[in-house]
Amino acid sequence: MSRITVCLAVAAVLASASGAVEAATLVVTPGPDAQERLQTALLDAKPGDTVQIAAGRYDLTDGLSLDVDGVTVAGAGPDATVLSFKGQKGAGEGLLITSDRVTVKDLAVEDTRGDGIKSKGADDIRYLNLRVEWSGGPKEANGAYGVYPVSSQRVLIDGVVVRSASDAGIYVGQSRHIIVRNSRAEFNVAGIEIENSMFADVHDNVATRNTAGILVFDLPNLPQMGGHSTRVFNNQVVDNDTPNFAPKGNIVASVPTGTGVMVMANRNVHVFDNAISGNQSAGVMLVSYTQAFNDPAYNPLPRDIVVRDNRLGRNGWDPKFPGGPEIAKALGGPLPPLVWDGVRAAGGKPAEVKVRLADGPVLNLNLPGPGRVDAAAPTVSASVIDAAFAEPPAVRFEPARP
Amino acid sequence: MRRGLLLPAILLAALAGLGAAAPQPGVNLDLVLADAPAPRLSDYRLFLDAGADRPNGRVAPYDLVTPLFTDHAEKDRFVFTPQGRRIGYTATGVLDFPVGAVLVKTFAYPADLRRPDRDVRKVETRLLVHKASGWTAQTYVWNAEGDEAVLKRAGARVPVRFTDPAGREVALDYAVPNQNQCKTCHQVDGAVSPIGPKARNLNHEVALAGGGRANLLALWSRAGLLEGAPAPEALPRLAAWNDAAQPLEARARAYLDVNCGHCHSPAGSASNSGLFLTADETRPAALGVGKPPVAAGRGSGGLAVAIDPGHPERSILAFRMASGEPGVMMPELGRTLVHEEGVALVQAWISSMPPARRPGD
């Protein structure tokens, strides 16, 4: 204890000796020229500063951007400070963050033409207590992602509400060390999606009324591939029933309406202690990437997947994936809550896939290869236990402050 | 359609300032190197006149083989190099500009693009300044009289009207980028960088004022502005996108390199897309052939892949270039209009590719 005290004292002395500048608060209020005043504050802020956006509605015509490390962008609450992009004339997102150690909190972003808030190459980013929404409800013309951190390390999303994104409400791509918690995703195509990422904890969220609740995907031909080590736990994944409204061509456009949790082409994903019910296609679905690819480093199969101790309610009564209705008919009732495509080999290497699907019963489609629904040989078993897999360690980080 | 390069007579006159005592004070190098940008363009003394038409000593005009499309704006480009400093030649990438160099680009609209020398209204002048700590990007917006341009850091919309090459009246909300948006395109691995002045995109013949033609880089070498450049025939050369005499693929790839490659490269803003459109990219999937979108959203246009060989109508690349809608259009910064000639070029290139075999073919 005494040593810590000494260190703090030294730090304080050093700070004063170096003439450290006091952090400033740059206040922006609603009114004329809000676009220019807000953007100017985002340019003027120095590391440690806060850009405080007062309560009110801001009608913005262009994308905003922040490229200064260590800045906090704060509103007066997600229903009090509203950045409306209904009249947006340019840029691919509402707010773009490209610097490290940024916190954005307590505000709402509405009706962006593209993505809501994007951060790229922005380490130690924190999205806190936000609302991102398309006010017209689910529509194909809505932007793709609500909050969109990509190519970053140490990403925290906490207390974020996203509604009506035409791809994923909360999307984290090509990143490492990720926490998504205490958030709510509804009326999106995908509620929460972790893609091409390593070490993610997705917990204590609500994903409801989406097309699909929570996705853990890996896609080929991207700078970061080989997603692994994600834990999905203590979430409520319920009543995902919005018909898929994603523009075709996007990977989520192929997600069946009414999917709870979907794992595609990923390794070491643990899904446990979630409440999963009211999803008409499946409670939990494990599938291969089915499109053509030419990337030898890419593995299209889900493997080392654990599904255990979830509270599974009514799921799978009206499956919307190819072959689903026929299988349901053959089974004479709803599908089992866990559906696995059963692909065990890729690239000619047999039996490389092992899983631990303890929450039964399990429908195994036993496909001979990715997407070979034409050759399905479905079987139902109480569980599929190939091996035990060590759970990835909890993701812990305190984002470095300025 | 071009106003034409400010002619090398001016270039040579400008470079003559290398030795002769200039009658006017030279460029304000202290201001160029200062941390903070100057409030007015004229503060730098890059030009001898208020309208920024007559470059000061050591400020040399140049032009590119294939330029970026910016809503049909005419562009005048200049480079300033400090006394005693030269530009270092590099075969790939941007030339090695010395500290203190300034790249100047003025965006302007003639009232009628078919008469590019008449009734020209300047909109903004962008500067890339090479400070000791690296490059910075700033823009200066012109007043209606065209005699003063002031710093604008947070971006602006400027209403612009002109008659396009087809004789149509065009009105647009010209977008002056904010300082961060400059960097969105002008970056390599997170640091601000020029885009255009690469050897391959400067290696062309320009008309001389006194008649005749000369290679621009050879001219720069002769004037002592550039060092280390091999003879013109040994220099890399980008195709001119609009020169029908050059191969279609080379022209389309040059167009994509200049208009898309600054973001769509492994070191650019769109690195996470995995779609890389620089001139040196050779992997078909990275160029978009058969590549599904990653984060396109409605930008996919309901299409499955970036390039479907033989089928521009099924290619997201062409779809997004042909859109003027934010959230769909690409590039997402730098234009509000569709560049119809550019779209046609890329469509023709995709059409020329042998179609992929599909199931059932």
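One structure accompanies this document, and this report is about it.

Here the focus is the sheet that holds strand β31 (residues 379–381) of chain A. Residue and element names in this part refer to chain A. Across the sheet, which stays open at both edges, the 12 strands sit in the order β4-β7-β9-β11-β13-β16-β19-β22-β25-β28-β30-β31 with mixed pairing between neighbours. The strands lining the two open edges of the sheet, one partner per strand, are β4 (64–66) and β31. Put simply, the sheet's adjacent strands are angled 15° from each other on average, direction ignored. Alignment of strand β11 (residues 147–150) against strand β13 (residues 168–173), held across 2 bridges, turns out to be parallel. Residue pairing across strands places V147 opposite I170, the latter belonging to β13. Along the sheet face, helix α2 (residues 34–44) touches β4 and β7 (93–97) and points at about 10° away from the line of β4.

We now examine the interface of chain B and chain A. Counting residues at the interface gives 37 residues for chain B and 41 residues for chain A. Between chain B and chain A, a total of about 3,000 Å² is buried, with carbon and sulfur atoms accounting for 47% of that surface. It is N180, N272 and R298 of chain B that lose the most area in chain B upon contact with chain A, and together they represent 20% of the buried surface on that side. Across the chain B-chain A interface, the total number found is 6 salt bridges. Counting across the interface, chain B meets chain A through 20 residue pairs in polar contact (both at pLDDT 80 or more). In terms of residue count, helix α3 (residues 179–185) of chain B provides more of the side of chain B that touches chain A than any other element does, 5 residues in total. Looking at the side of chain B that touches chain A, its residues break down into 13 nonpolar, 15 polar and 9 charged.

The next point concerns the sheet that holds strand β6 (residues 134–142) of chain B. Residues and elements named next belong to chain B. Read across the sheet, 6 strands follow the order β1-β2-β4-β5-β6-β7 without closing on themselves; strand pairing throughout is antiparallel. At either margin of the open sheet sits one strand with a lone partner, and together these are β1 (59–62) and β7 (149–151). This sheet shows a mean twist of 25° between the axes of neighbouring strands, independent of strand direction. By the bridge criterion, 8 bridges tie strand β5 (residues 120–131) to β6 in an arrangement that is antiparallel. Within the sheet, the bridge partner assigned to K131 lies in β6 and is G134.

Definitions and cut-offs
Residues numbered from 1 in each chain as written. Chains lettered and ligands numbered in written order. Predicted model: local features only at pLDDT ≥ 70, side-chain atom pairs only at ≥ 80, totals over all residues. Heavy atoms only, no water. Pairing = 2+ DSSP bridges. Helix = DSSP H or I, 4+ residues; strand = E, 2+ residues; numbered from the N terminus. Axes fitted to C-alpha atoms, helices over the stretch in contact; angles between N-to-C directions. Contact = heavy atoms within 4.5 Å. Buried area = accessible area lost by both parts, 1.4 Å probe. Salt bridge = Lys/Arg side-chain N within 4 Å of Asp/Glu carboxyl O. Polar contact = N/O pair within 3.5 Å; in protein donor to acceptor, adjacent residues only side chain to side chain. Nonpolar A, V, L, I, M, F, W, Y, C, P; charged D, E, K, R; others polar.

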